[in-house]
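Residue-level structure breakdown
What follows is the residue order along each chain.
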Amino acid sequence: MTSFKIILSLLKAEISKAWNKPTLEFAVGFIALISITSIGTLVKIVEQVNFQSSFESMIVEALSKNMSSQLLPLTLFCGILMSLSFARDYEQGLMQTLLSSPISRSAIFIVKFMAIIVPLTLISWGLILFATTINFYSNLTALITILQIVILALPMIFLALMFYGGIATLISLTIRRTIPSALTAMLAGFFVWYITTLKSDMIGAFADYLCLTPYKAPQVALGRTLGLTYPPDTIESILPGWGFIVLTVIYALVFFIPMYLHFTRRFEIRE
Amino acid sequence: MIIGLILLMNTATEHVPGDFIYSYGEVEVNETYCYVVSIAPVGIGNITIGFFSPPESDIKIGNTPPGFLEPVTLPIHVKVEDPANQTLFEEDIISPYSFEVEFNLRGQYSVYLTNNGDEKSPIPMGVRFPYGEGNPINREADKFLLGIILSTLGMSFVALGLIIKLFLKRH
């Protein structure tokens, strides 16, 4: 119980340290700007017989567009905040104090990691929910439909951010200097996004496989889960929906697990 | 305050664009067909019945495939209901026809079209708004109001916080 209290105190301290003014305000403002502007004015004419399915597809399209617009800034924020959490503590000597405390290394790593990922996920998802609700809300039935659809974005955003958090942790634990770590992590996030913008005239047939990249896989996983249709004979439509979910989970853990092992097995002391 | 200001800025600058015309199949004689217009509260717009293209479009009817964009001439009974099921318009008309409707509520406006002609026919329906040039009428009224409320509340809290902080510092 005491150790749980200590971990909770550490979590509170980490959250207040990383999300100190003006980080939280800036993150909320920037993501809100993207969320609100990515959804246009609602005007759509449909047949009454197909109304419910058309209404759901309108929400799914808006959600998919919103998540897609948010991911790049989220990766950049994730890079900066992870550097503030890990690299700055090494730089200022706070990490050494933390590691000499009775809290396990495992708890320190998970608390520091989640103190960034969870609030960022909640900010992003909350603003997606806000933007979708104010755009499509008309009655209680519509609100329930919106909630049923938007709730599925929550795990996908979390898993996507786990990947970028993992990269940023790797960079932070390697460089251990705040500014260089933040810049490198942002650059890495930007690169992961940039490769998805390449067209087939530049990279040939590889362009067909860009949906399998860490940037696109969570979006396609969400799209397939929500029943979004993709052009026939593309990887997005050929691969089953669960395939993209599995891929997203693998990406989420691909850096997280090695970094966890690196941190908890005291590799840096052996260095 | 941040979210309120962004919402206010967005709704103040974004206006509902242009024309939306849809046609789904043919309507039998005396059959009633219903379109649903999902729309934000953007104020006055025009509902067009029987037009396949905007009434004042530059498309030359003679240059298109036969009958492709020609307006449908048909006696139709039209009934428009707002999301609260209040009838906004109910008349017998001869298409092509256009009339104004005030979209004051967010939600689904039902447009019932009964073919009163002698043969089955497609009945295209559209919604038109004045084009561009920053038309301030057709913006989303509820988002604008929510933006004002959130901004005012946020500013009040900030001002209150500043006053309390200053007051506590002095005493």
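Residues numbered from 1 in each chain as written. Chains lettered and ligands numbered in written order. Predicted model: local features only at pLDDT ≥ 70, side-chain atom pairs only at ≥ 80, totals over all residues.

All right, on to the sheet that holds strand S3 (residues 43–49) of chain B then. All names here are of chain B. Strand order in the open sheet formed by four strands is S1-S8-S3-S6, and the pairing between neighbours is antiparallel. Of all the strands in the sheet, just strand S1 (19–22) and strand S6 (97–103) have a single pairing partner and so form its edges. Shown here is a sheet whose adjacent strand axes are inclined to one another by a mean of 20 degrees, direction ignored. As defined by bridge partners, S1 adjoins strand S8 (residues 125–128) across four bridges and the pair is classed as antiparallel. Residue isoleucine 21 lies in a different strand from S8, and its bridge partner there is glycine 126. (Pairing = 2+ DSSP bridges. Helix = DSSP H or I, 4+ residues; strand = E, 2+ residues; numbered from the N terminus. Axes fitted to C-alpha atoms, helices over the stretch in contact; angles between N-to-C directions.)

This paragraph deals with the domain arrangement of chain B. The accessible area lost on association of the parts is a frequent measure of interface size. Residue and element names in this part refer to chain B. Domain annotation of chain B identifies domain 1 (1–15 + 139–171) and domain 2 (17–133). At the junction of the two partners, domain 1 supplies four residues and domain 2 supplies five residues. Broken down by class, the residue content of the side of domain 1 that touches domain 2 amounts to one nonpolar, no polar and three charged. (Domains from an automatic or database assignment. Contact = placed C-beta atoms within 7 Å. Nonpolar A, V, L, I, M, F, W, Y, C, P; charged D, E, K, R; others polar.)

Counting residues at the interface gives 22 residues for chain A, matched by 28 residues for chain B. When residues in the side of chain A that touches chain B are grouped by element, the largest group, seven residues, is from helix H2 (residues 23–38) of chain A. Taken together, the residues that form the side of chain A that touches chain B break down as 13 nonpolar, six polar and three charged. Note that strand S1 (residues 43–47) of chain A and strand S2 (residues 32–39) of chain B share five bridges and pair antiparallel. In the strand pairing of S2 of chain B, valine 43 of chain A is matched with isoleucine 39 of chain B.

Right, let's talk about the environment of cysteine 34 of chain B for a bit. Mapped onto the elements of the fold, cysteine 34 of chain B is located in strand S2. In this structure the C-alpha to C-alpha distance between cysteine 34 of chain B and leucine 113 of chain B, which are 79 residues apart in sequence, comes to 6.2 Å. Those residues in contact with cysteine 34 of chain B that lie beyond four places of it in its chain are Gln48 of chain A together with Ser110, Val111 and Tyr112 of chain B.

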